[in-house]
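Understanding the architecture of this molecule
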Amino acid sequence: MRGNIAQLMQQAQRMQDNLQRAQEDIAKLEATGSAGGGLVSVTLGGRKDCRKVRIDPSAISDPEMLEDLIAAAFNDAVGKLDAESKAMMDAATAGMPLPPGMKLPF
């Protein structure tokens, strides 16, 4: 019985270490989302911090369209980051689902 508990504790520690590494790796990620056929692109860091916005000069003539394109490019980048983060967290937890309400990494 003690061996099983010790083994379980070691497994929990390994999973915690894996989660920590995954969080650090996620923070280093970068994803670029684009909209309007590349008229606007937004690059976000793993913590969803905006690192770069690129706007094609031809998109500046229509401010309302430009606002929509920026929002769409941002959302595209967020979706890419979320997908990559989920894949990394799934790998770190060996596919074991996290408890409801537990949001990682941030």
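- The name that an unreviewed UniProt entry assigns to the protein chain is Nucleoid-associated protein FNZ56_01265, with the source organism given as Pseudoluteimonas lycopersici.
- On record in UniProt, under Function (unreviewed entry), the comment for the protein chain is "Binds to DNA and alters its conformation. May be involved in regulation of gene expression, nucleoid organization and DNA protection."
- According to its UniProt record, the protein chain has this under Subcellular location (unreviewed entry): "Cytoplasm, Nucleoid".

Some thoughts on the pattern of salt bridges
- Under the criterion given, the structure shown has 5 salt bridges.
- The salt bridge partner of Asp82 is Lys48, with a shortest N-O separation of 2.7 Å. Here the residue Asp82 occupies a position in helix α2 (residues 63–92), and Lys48 occupies one in the loop between β2 (40–45) and β3 (50–55), the gap between them amounting to 34 residues.
- Within this structure, Glu30, Asp49 and Arg51 form a network of salt bridges that share partners.

Regarding the pairing of β3
- Inspection of the sheet shows β2 paired to β3 by 5 bridges, in the antiparallel sense. Opposite Val40, over in β3, you have Ile55 as the bridge partner.
- Linking two consecutive strands that pair antiparallel, namely β2 and β3, is a turn of 4 residues; a positive phi of about 65 degrees is found at Lys48 within it.

Cut-offs applied
Residues numbered from 1 in each chain as written. Predicted model: local features only at pLDDT ≥ 70, side-chain atom pairs only at ≥ 80, totals over all residues. Heavy atoms only, no water. UniProt positions renumbered as here; feature names shortened; annotations may be inferred. Salt bridge = Lys/Arg side-chain N within 4 Å of Asp/Glu carboxyl O. Helix = DSSP H or I, 4+ residues; strand = E, 2+ residues; numbered from the N terminus. Pairing = 2+ DSSP bridges.

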